[in-house]
Amino acid sequence: MKRFPFDWLALPLVGLIAVGLLWVISCSTWAPNLPSPVKTWEMSRPYIVEPFAKRGELDQGVLRFTWYSLILVSKGYFIAILIGTPLGFLLGSSKTLTMMFDPIIQFLKPVSPLAWLPLGLVLFGKSEPAALFTIALCSMWPTVVNTAVGVRAVPQDYLNVARVLKLSKFKTLTKVLFPATLPYMFTGFRLSLGIAWLVIVACEMLIGTPGVGGFLWQEYNSLIYEHIILCILTIGCVGFILDRLMGIVERRFAAA
Amino acid sequence: MLTDSNYLEIWNLTKSFPTPKGPATVVKGFQLNVARGEFVSLIGHSGCGKSTVLSMIAGLSEPTSGGIILAGREIDGAGPDRGVVFQAPCLLPWMTAFDNVLLGVQQVKPDASRAEQGDIVKHYLELVGLADAIHKRPAELSGGMRQRVGIARAFALSPKMLLLDEPFGMLDALTRLELQEVLLEVWSQHQMTAVMVTHDVDEAVLLSDRVVMMTNGPEAQVGEIVKVPFARPRDRIHLMETTAYEDVRDELLSFLEERAHIKPSIPTTDEDARPAPAAGSTVSC
């Protein structure tokens, strides 16, 4: 591809304008219910200009909603990491366990959050634990799989050092296996976070707690379609930022 | 009975690996006694099984039959009483040179105070000439410096013996000469029993008291043993000018060129000599 000055800025802008045009054309032709960009901005203004305002339980600034969602996500995500990492270590270090549980993992991985949530409600009765259950269960798998792959990929060299020095099981784990697996673990953590954020919206929609997803569903029911677009853009932004942040952390550990 | 002449006793050592075509015997009936404080080199063509022998002494691989007795005790698995210098330095990349050596020192001196352990680590790193790089990570060190850390780690264990698996094989020629000097220097201060695998004839002559030449595999065993009679401390330049050096060197080279592939006349009981792949397992650290 031919490069030109500021192409890193110009090309994405061209893409953005193209999609914007498609949006404008769509809402004035085949999709009359789709709010136009201008209308979306007008309706969303109070939510963006006062991002932390709280006017009512389901009428709050967009960043406030995001904050609620982030808190719920991080709770579920930490449960996922706390369970997923040791699980990955176990699966990575034992062929028997891998053969036992790998089929089940492959089989559970593609199950949609919408399927887990009712089960969570049945199991825990309340909406928040059910949401956490769903987030944790859906987002755990990349951490489990990547950690297991990382443990299997620890060079024999390092393990021989541990054997020659006769390191205890615990020391082998903390001084050799764990640091050697860290880069893989962080790839898993990043992918897991992406899924956790994906799942939150589905959870909030069904449970109706305040947050970006809950707001989205409520505004759909109130026929304020502009806010659906506002929520979609917010979710996309936050997901993008989270992925980038985790990417930075991941690279730091990969380089170490 | 343990005497100084059989500090390390390798007795009828045999190693077979299972292959789809039946077991491949890499080493067969390897016999060797090493005296306390002696430096012995194993030399032979690549793939002849010399590294396999070393990895069995290190306890990283189990002999199929035969045994290895070190200081009156049969070897059972790997342990820090044998300091191993691997071909690749095998440092843990997330630790500094200091921490890499410390990891071993903590294993052999668990009751020493943190400061005492640190002093030992510093002493050995200074000994190999790394006083200025103590707190650097392997990624910041050159290949030669990394192998210096590997040497320091082995010596810092104060092991019963030292095992070196082509320790300078991955270094460039100049660095190799430099590190041979370092090894010679550190070794002469400790007079530690040592077995080194190498295919560098000059390296073997410079460092060893005896050079054990192995026959080609499969079923490799001790071919001939050459004594290296030079007084220590040795000086490379001075040594290379003597005719005695030439003689020893020629003897080794002629074995490797002519006699290595001829089986010595030790009777073998195994009748079905299968053609086995010459792949020996190396001590990859």
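Residues numbered from 1 in each chain as written. Chains lettered and ligands numbered in written order. Predicted model: local features only at pLDDT ≥ 70, side-chain atom pairs only at ≥ 80, totals over all residues. Heavy atoms only, no water.

Can you tell me about the packing of aromatic side chains, naming the residues and giving the values?
All told, the structure shown has 11 aromatic pairs over all chains when counted by the stated rule. Seen in terms of ring centroids, Y158 of chain A and W94 of chain B are 5.4 Å apart; in terms of plane orientation they differ by 85°. Their pairing is edge-to-face. Residue Y158 of chain A is located in helix α7 (residues 156-164), and its partner W94 of chain B is located in the loop between β6 (82-85) and α2 (97-108); the two belong to separate chains. Side by side, Y158 of chain A and W94 of chain B carry an identical accessibility label, which is buried. One aromatic cluster in this structure is built from W116, F124 and F133 of chain A. (Phe/Tyr/Trp six-rings, centres within 6.5 Å; stacked < 30°, edge-to-face > 60°. Helix = DSSP H or I, 4+ residues; strand = E, 2+ residues; numbered from the N terminus. Buried < 20%, exposed > 50% of the residue type's maximum accessible area, 1.4 Å probe, protein only.)

Describe the confidence of the model for chain B, and please don't skip the residues or the numbers.
For chain B, per-residue confidence averages 85 on the pLDDT scale, and residues scoring 70 or more make up 89% of the total. Across residues 265-282 of chain B the pLDDT falls below 50, and counting only partners more than four positions away or on other chains, this stretch makes 20 contacts in the model. (pLDDT = per-residue confidence, 0-100. Contact = heavy atoms within 4.5 Å.)

Outline a nonpolar patch on the surface, listing residues and values.
There is a patch of nonpolar side chains on the surface, built from F6, W8, L9, L13 and L16 of chain A and spanning about 600 Å² of accessible area. Among the residues examined, W8 of chain A registers a relative accessible area of 61% and is labelled exposed. (Patch = residues over 30% accessible without salt bridge, like charges linked within 9 Å, V, L, I, M, F, W, Y side chains within 5 Å. Areas by Shrake-Rupley, 256 points an atom, 1.4 Å probe, with all protein chains shown as cover. Salt bridge = Lys/Arg side-chain N within 4 Å of Asp/Glu carboxyl O.)

Requested: an account of the interface of chain A and chain B, with residues and values cited.
Between chain A and chain B, the residue contacts involve 16 residues of the former and 23 residues of the latter. Of the roughly 1,700 Å² buried at the junction of chain A and chain B (both faces included), carbon and sulfur atoms supply 64%. Considering only the surface of chain A that becomes buried against chain B, V161, V164 and L165 of chain A emerge as the three largest contributors, covering 34% of it. Put simply, chain A and chain B have zero salt bridges between them. Our enumeration of links across chain A and chain B arrives at six residue pairs in polar contact (both at pLDDT 80 or more). Elements supplying a minimum of two residues to the side of chain A that touches chain B: α7 and α8 (169-207) of chain A. The biggest single contributor to the side of chain A that touches chain B is α7 of chain A, with seven residues. For the side of chain A that touches chain B, the class distribution of residues is eight nonpolar, three polar and five charged. (Buried area = accessible area lost by both parts, 1.4 Å probe. Polar contact = N/O pair within 3.5 Å; in protein donor to acceptor, adjacent residues only side chain to side chain. Nonpolar A, V, L, I, M, F, W, Y, C, P; charged D, E, K, R; others polar.)

Tell me about the pairing of strand β2 (residues 24-34) of chain B, residues and numbers included.
Residue and element names in this part refer to chain B. Of all 11 residues that make up β2, eight are buried, and the element is covered over most of its length. Note that strand β1 (residues 8-17) and β2 share seven bridges and pair antiparallel. From the neighbouring strand, F17 faces β2, where its bridge partner is A24. Between β1 and β2, which pair antiparallel and follow one another directly, the connecting turn spans six residues, one of which, G22, has a positive phi of 100°. (Pairing = 2+ DSSP bridges.)

Quick one: what's the story with the nonpolar core, residue by residue and with numbers?
The biggest cluster of nonpolar side chains holds 95 residues, and the ones touching the most others in it are L8, F30, L42, I57 and V195 of chain B. For this core, the element with the highest residue contribution is α8 of chain A, accounting for 14 residues. Not counting the four nearest positions on each side in its chain, L8 of chain B is found in contact with L32, N33, V34, I57, I68, I69, L70, M161 and V195 of chain B. Membership of the second largest hydrophobic core comes to 53 residues, among which are L130, A156, F168 and V205 of chain B. (Core = buried A, V, L, I, M, F, W, Y, C linked by side-chain atoms within 4.5 Å.)

I'd like a rundown of empty space enclosed by the protein, residues and numbers included.
All told, the structure shown has one cavity of 30 Å³ or more when counted by the stated rule. For the largest cavity, the calculated volume is near 60 Å³. For the largest cavity, the full set of lining residues is V161, V164 and L165 of chain A together with V84, F86, R153, A154 and L157 of chain B. Among the secondary structure elements, those contributing two or more residues to the lining of the largest cavity are α7 of chain A together with α4 (143-156) of chain B. (1 Å grid on protein atoms, 1.4 Å probe; cavity = no way out; pocket = protein on both sides within 12 Å on 5 of 7 lines; lining within 4 Å. Points joined across faces, edges and corners; volume = space filled by probe spheres on them.)

I'd like to hear about unusual backbone geometry, residue by residue, with values.
Residue and element names in this part refer to chain B. A cis geometry characterises the amide bond from R232 onward to P233, with omega recorded as -5°. Of note, C90 is a non-glycine position whose phi angle comes to about 55°, a positive value. For C90, the location among the structural elements is in the loop between β6 and α2. Judged by relative accessible area, which is 5%, C90 ranks as buried.

An account of α8 of chain A is needed here, citing residue identities and associated values.
Residues and elements named next belong to chain A. The end-to-end C-alpha distance of α8, which contains 39 residues, comes to just 45 Å, noticeably less than the 57 Å that a straight helix rising 1.5 Å per residue would cover. Largest kink in α8: about 50°, centred on L182, with the proline P183 one to four residues after it. Where α8 ends, the next residue or the one after it, G208, has phi of about 80°, a positive value. (Expected span 1.5 Å × (residues − 1). Bend = angle between axes of the 7 residues up to and from the residue.)

Report on the environment of K21 of chain B, specifying residues and quantitative values.
As for its position among the elements, K21 of chain B is in the loop between β1 and β2. K21 of chain B sits in the exposed class, given a relative accessible area of 70%.

Please set out the pattern of salt bridges residue by residue, giving values where relevant.
Any two side chains of opposite charge can pair, on the condition that their charged atoms come close. All names here are of chain A. Scanning the model with the defined rule gives 12 salt bridges over all chains in all. A salt bridge links E128 to K75; the shortest N-O distance between them is 3.0 Å. With E128 in helix α6 (residues 127-152) and K75 in helix α3 (residues 62-93), this residue pair connects regions lying 53 residues apart in the sequence. For K75, a relative accessible area of 39% gives the class partly exposed. Taking the shortest distance from any N to any O, the salt bridge between D243 and R190 comes out at 3.3 Å. Taken together, the residues D243 in helix α10 (residues 225-255) and R190 in helix α8 connect sequence positions 53 residues apart. One network of salt bridges, with partners in common, ties together R190, D243 and E250.

If you had to explain the pairing of strand β9 (residues 210-214) of chain B to someone new, which residues and values would you point to?
Residues and elements named next belong to chain B. Of all five residues that make up β9, five are buried, and the element is covered over most of its length. Going residue by residue along β9, you find R210, V212 and M214 tucked away on one face and V211 and M213 tucked away on the opposite face as well. Relative to β9, strand β3 (residues 39-43) runs parallel, the two sharing four bridges. Within the sheet, the bridge partner assigned to I43 lies in β9 and is M213. Relative to strand β10 (residues 222-227), β9 runs antiparallel, the two sharing five bridges. Looking at the pairing, R210 lines up with K227 of β10.

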